[in-house]
Every structure is written in structure tokens, then in C-alpha cells.
Amino acid sequence: MSAVLPTPESALSVLKTVWGYDAFRGVQADIVQTVTDGGNALVLMPTGGGKSLCYQVPSLLRPGVGIVVSPLIALMKDQVDTLRALGVRAAFLNSTLSPEGAREVEAALLSGDLDLLYVAPERLLLPRTLDLLERAPVALFAVDEAHCVSQWGHDFRPEYQGLSMLPERFGHIPRMALTATADDRTRADILRVLGLQGAPQFISSFDRPNIQYRVANKEGPKTQLLDFIRSEHAGDAGIVYCLSRKSVEETAQWLCAQGVDAVAYHAGLSPRERNQAQERFLNEEGLVVVATVAFGMGIDKPNVRFVAHLDLPKSMEGYYQETGRAGRDGLPGTAWMVYGLADVVNVRRMLAGSDAPEEVKRAEAGKLDALLTYCETAACRREVLLAYFGESFHGPCGNCDTCLNPPQVRDMTREAQMALSAAIRTGNRYGAAHLTDVLLGRATEKVVGMGHHTLPTFGVGAAHDEKVWRGVLRQLVSLGYLAAGEYHGLSATGKARTLLKGETALVLREDTLQPKTNKRERTR
Ligand code: ADP
Ligand code: ZN
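In short, a report on the structure. One numbering rule holds for all chains: residues counted from 1, following each sequence as written. Starting at A for chains and at 1 for ligands, labels are handed out in the order in which the entities are written. In keeping with the model being predicted, local features are shown solely for residues with a pLDDT of at least 70 and side-chain atom pairs are shown and tallied solely at 80 or more, while totals for entire chains, interfaces and linings include all residues. Excluding hydrogens and water, the side-chain figures rest on all heavy atoms present in the structure.

Take the nonpolar core next. For this analysis, a nonpolar core means a set of buried residues of the types Ala, Val, Leu, Ile, Met, Phe, Trp, Tyr and Cys, connected via side-chain atoms within 4.5 Å. Under the scheme applied here, a residue whose accessible area is under 20% of the maximum for its type counts as buried, over 50% as exposed, and between as partly exposed, the area being computed with a 1.4 Å probe on protein chains only. In terms of nonpolar packing, the biggest core is built from 79 residues, with Ile67, Leu117 and Leu124 touching the most fellow members. Here a helix means four or more residues in a row that DSSP labels H or I, a strand means two or more in a row labelled E, and each is numbered from the N terminus. With 5 residues, helix H16 (residues 358-376) is the largest single contributor of residues to this core. Any two residues whose heavy atoms approach within 4.5 Å at even a single point are treated as in contact. Once residues within four sequence positions are removed from consideration, Ile67 is found in contact with Leu109, Leu117, Val119, Leu124, Leu133, Val138, Leu140, Phe141 and Ala142. Among the nonpolar cores identified, the runner-up in size contains 34 residues, and Val43, Leu53, Val80 and Ala142 belong to it.

Here it is, written out as C-alpha cells:
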């Protein structure tokens, strides 16, 4: 008994009459069907992929109100205004509402006068809200930014773990989890907390073909950035990410002095200043925002033409999400980054110095390693990026720097075979450091203790130094020949067989394989 719609409407006609769109994109149609029919779902879709419609359309089709859990309080009002302009009966409940405003929304909820209600998780979990929901007609629960449940993610929010009460208390109401970011462990956490084991998983491609990926050595970052903007993106809207507030301020000032229209954004500014920067960015044509990662979550500006990183992001997820803000309109965009050794040291120090539990730190280090692999690759960057998200894409893509200007490489197939056989012969469970010791023929206590000094692989790689072996191992992981398991143990994958048999070759960048410079050479 639909209170909203007098006659059953098809998903497509709702899409057409409410939004004016002609067709669903990709898996949207399947997701809408599943949830409208009362099923649960996990939705993994890149930023800009169109997650909102996946819960908005079923909320209109099913009787009752769709409850959308979102951590982005600052955006709820905009989302609700947009929906209202389309004629959808939408509202939000969060700490920005006055008590009277909240009471009005609660009354509308109880009387069935809402199609969609956006709620912050801490608000949802209040006994008062839960009581209301038990008395109100609820069409579905959509948990947006669902990766926030997981402390493996870069965006852990403790209140999201409280959402485990949804399957417990509202098990009969369809639940969907939506995110643009989820590695295997994060995905497992989402399924566990929201009780979605066994629910269909809808996983879209993370490829953003219109984004050109580029990574360069950091030489003089500000000048490099200015050259890049002047030569390729003069007058374009863009985002420049820096690690510290200080470098945000300095870079913004410097760009302005050079005649580039730029504004700073970081958490140290007042809410009013931040709002102003955000408003200007959304409304002006060619503004460059120089920002810390605080900027951009949920910002929907379709014509951002470039995202530049002057400092290394902390993880592959972060990099993907930040660069994903370029080219949401489908037109060409550039993801440009400069990085140097000092950045690596910096980010590592920050990770090591955090007071997170050891396990979390180790997971974070793994995510950083993945990003470094991406930075150093000689292969198609898109291939490495998508491999991280579990997608097998085969380059060249023709739209990244390594495809456009292939770097100097050396055939390292034999070395790769040695490294793989070291992993296999030691039982597929040791990390890069131990495998390197075996390859170099170092009789460390651990090597001797495990009897690995008697293996035929022991010392076969002595012709190279440690850096080369680290590079080889890192590359093997990035290309999926070795998988990093628990405690960073490396194991040969099914794909490794083709390399071992010599059916595929492995080439590595020359510039990452230089032998260590000794002290005297460096001081010269
Ligand atoms: P996400 O939440 O996954 O980042 P959104 O739901 O905000 O993405 O959608 C991104 C953009 O794509 C929005 O402007 C939305 O209106 C548009 N969009 C989504 N699905 C469709 C569709 N089927 N047809 C046309 N435009 C769509
Ligand atoms: Zn490529």
C-alpha cells in the first residue's frame, strides 16, 4: 500500500519524470530492482558513478521513507534542496536543525509525508530517533560512505560501528551499503557490521578513462606546478593538495602573486572562511583551490579540470578519491603529482608516529607501499591503479604518462623468476626483507633458523644490491604476481606461472634501479 504513488510505477518512469534522465547507468538498474524488491545490497561504485540514484529511486518506489545515513552533515542541506526542487519530499535530521525544525521533520516522518530522510549516524543512534523509526513507515536504510565503519579505511568513524543495530533491530527492512572505497578488509567489515553477508554485491569499474594520470619527480614543486597550470590548464578550475596548512597558505599566495586565481582551504580557517572558499569554487569559473585533504569530500563540481598533488597522499584510496574529483563531467581532466624521497620519509614518519594500534599502522603502511609502487611503475599507471582495486585492466591505456612517454626500462625477467622462486621455496609466507636476505645470500639468524641457507635460491641474486631486489619484489606485488597476505607475507599467485615459464617478461624502470650512491659520491 503505497502512500506516495497511487499506481505502481516503473523505476524507469520515475527516473524520467523526476530526474529527467532517459536511462540508468551501468549496474544502477539492477541495484534499483534488487532493493525495490526488498533485497539488501552492497554497492561499490567510484565517486561520480551515480550512487545516489541507487537509493533515491527505490525510496520513491517503495512505500515509506528511505533513510539515508551520511556523515557529511555540511552537504545534507544541499542534497535535500536539490531533491525538493525536483518535487521529492526530502528532509534531513542533524545537529544544525533548531529544536522546532527537528520536531517538524519528526512529525512529517511519522505521518508518512517524506520520501527521503538524511540522518547523521550519531543522530540516528539516539534512542529518540530509533523509537521514531520503529513507529514510522521505512522503505529502506541506505548507509552512504559505508567504508567509515572500518578502521582499516582512511576515514574511520566510530559512530558508524553502532550501525550494527540496523540488522538487529530493523532486520526486515532492506539495507544497502554504498561506498567508493573498499579494499577486501574494508569490504568484509562493511558486510559484517551491516549484516550483509550473502547479499548481492554490485561492483562497478573504477576506471576513469577521461583522467590522465601523471607522476613526476619533485624538483621545484611550485615552479613545476605553475608551468603545468600555465601550459595546460590556464583559466581552468582545479584543486591543489598539500600536506600541511603552512604549505597550503604559501602555495596559494604564491600562485596569486603569479597571476593564478587561487584560494586556500584548510581546517585551520574559520567555518566562514571555509564556506566562502567552497562557495567561490563552486560558483566561479576558473578558481584554483589549494587545500589539505579536508577539502573536497562530497564536493560535486563537474568541471574540475585538474587535481594536483604537491605532496604524497597517504594511501592509494586517498589518491584515487582525490584525483577522482577531476573530470566528473566526462571531459578530459588531469591528475598530476610530484613526489620525492623526502615525501616518502615524511608520510612514513607520520604513519609511524600516530597512536593507532600496531595492526592498523601496518595496514596503513601497506596502503602507502601500494601508492609508492604506483609512483614508481614503468607499466601503465591505470593498470596498476585498477589492479589495486581488484580489477584486471590491460594497458597501455594511452592516457597516462608511462603510456604516453614510456620510461627507460631493463628486462628483469630472470630476476623476477629468482624472486618468485625464493617466495615459493620458502613456503609463500615471508616478507620482502627475508626474501631479499635469501636472494642476496645473507645467512641471518632467521635464514639459518629456517634452513633457508640450504635452498638452491640462496644467494642467486648476489649480483644485485638490496635496492634492486626491493624494486623487483615491489613491482611483482604491484602487478599481481605476488600477493601480500597477513603480516606482509608474500605468496606467488596463479599469474606467477606465466613469468616462471618465461611466457611473459618483466621490465622495470632504469631510474628506480640505480645502485646506492656511496657517501663520497654524494658529497662531491
Ligand atoms: P556518487 O554519489 O556516486 O559520487 P552521484 O550520485 O552524485 O555520484 O552522481 C554523479 C552525477 O551523475 C550526478 O550529477 C548525477 O545526477 C549524474 N547521474 C547519475 N546517474 C545518472 C543517470 N542514470 N543518467 C544521467 N545522469 C546520472
Ligand atoms: Zn596507461
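What follows deals with the site of ligand 1. Think of it this way: one heavy atom of a residue within 4 Å of a molecule or strand is enough to make that residue near it. With respect to spatial proximity, 14 residues lie near ligand 1, and among them Tyr21, Ala23, Gly48, Lys51 and Ser52 are the closest. Residues adjacent in sequence count toward polar contacts only when both atoms are side-chain atoms; beyond that, a polar contact is any pair of N or O atoms within 3.5 Å, and within protein one must be able to donate a hydrogen and the other to accept it. The separation between an oxygen atom of ligand 1 and a polar side-chain atom of Ser52 is 2.6 Å. Its free accessible area being 570 Å², ligand 1 has 74% of it covered by the protein chains. If one sorts the elements of the shell around ligand 1 by residue count, helix H3 (residues 51-61) sits on top with 3 residues. When residues are sorted by character, Ala, Val, Leu, Ile, Met, Phe, Trp, Tyr, Cys and Pro go into the nonpolar class, Asp, Glu, Lys and Arg into the charged class, and all the rest, Gly among them, into the polar class. Of the residues assigned to the shell around ligand 1, the class counts are 5 nonpolar, 6 polar and 3 charged. To measure how exposed things are, a 1.4 Å probe is used in the Shrake-Rupley method; for residues, cover is taken only from the protein chains shown.

The next thing to look at is the coordination of the zinc ion (ligand 2). A donor here means any N, O or S atom no more than 2.8 Å from the metal (3.2 Å for Na, K and Ca); water is not included, so a site may seem to lack partners. Protein coordination of the zinc ion (ligand 2) is provided by Cys380 (SG), Cys397 (SG), Cys400 (SG) and Cys403 (SG), with donor distances spanning 2.3 to 2.4 Å. Each of the 4 donor atoms bound to the zinc ion (ligand 2) contributes to angles spanning 100 to 119 degrees, and the resulting shape is tetrahedral. Along the chain, the residues donating to the zinc ion (ligand 2) are arranged with the sequence spacing C-x16-C-x2-C-x2-C. In this pair, Cys380 is assigned in the loop between H16 and helix H17 (381-388) and Cys400 in the loop between H17 and helix H18 (401-404), connecting sequence segments 20 residues apart. For the pair Cys380 and Cys400, a shared accessibility class is recorded, and that class is buried. A four-donor site is classed as tetrahedral when every donor-metal-donor angle falls between 85 and 135 degrees; four donors are called square planar, and six octahedral, when trans pairs exceed 155 degrees and all remaining angles lie between 65 and 115, with any other arrangement labelled irregular.

The criterion for strand pairing is that DSSP finds at least two bridges linking the strands in question. Spatially, S3-S4-S2-S5-S6-S1-S7 is the arrangement adopted by the 7 strands of the open sheet, whose pairing is parallel. The open sheet has two edge strands, strand S3 (90-93) and strand S7 (201-203), and neither has a second partner. Strand-to-strand twist across the sheet, computed as the mean angle between neighbouring axes with direction ignored, equals 20 degrees. Sheet topology note: the strand S1 (residues 41-44)/S7 ladder contains 3 bridges and is parallel. Among the inter-strand pairings, Val43 is bridged to a residue of S7, identified as Phe202. Helix axes are fitted to C-alpha atoms over the stretch in contact, other axes to C-alpha atoms as well, and angles between N-to-C directions run from 0 to 180 degrees.

Another aspect to go through is the pattern of salt bridges. Salt bridge, as used here: a side-chain nitrogen of Lys or Arg that lies within 4 Å of a carboxyl oxygen of Asp or Glu. For the coordinates displayed, the defined rule picks out 20 salt bridges. The salt bridge involving Asp311 is made with Lys218; its shortest N-O contact spans 3.2 Å. Here Asp311, found in the loop between strand S12 (306-309) and helix H14 (316-323), pairs with Lys218, found in the loop between strand S8 (211-217) and helix H11 (221-232); they are 93 residues apart in sequence, far enough to count as distant. For Lys218, a relative accessible area of 26% corresponds to the partly exposed category. Here Glu250 and Lys246 are joined by a salt bridge, their closest N and O atoms 3.7 Å apart. Placement of the pair is Glu250 and Lys246 together in helix H12 (residues 245-257), with a separation of 4 residues, close to one helical turn. Take Glu250: its relative accessible area is 35%, and that puts it in the partly exposed class. A residue is classified by how much of its surface remains accessible, and Lys246, at 60% relative accessible area, is exposed. Look at the salt bridges and you will find they share partners, linking Asp131, Glu134 and Arg169 into a network.

The next thing to look at is the sheet that holds strand S9 (residues 238-241). Sheet architecture is open: 6 strands sit in the order S8-S13-S12-S9-S11-S10, paired in parallel fashion. Each end of this open sheet is capped by a strand with a single partner; those strands are S8 and strand S10 (262-265). Neighbour-to-neighbour, the strand axes of the sheet open up by a mean angle of 15 degrees, direction not taken into account. Where S12 and strand S13 (residues 333-339) come together, 4 bridges link them in parallel fashion. Across the sheet, residue Val307 finds its bridge partner in S13, namely Ala335. Where H11 meets the sheet, it contacts S8, S9, S12 and S13, and its direction lies at approximately 165 degrees from that of S13.

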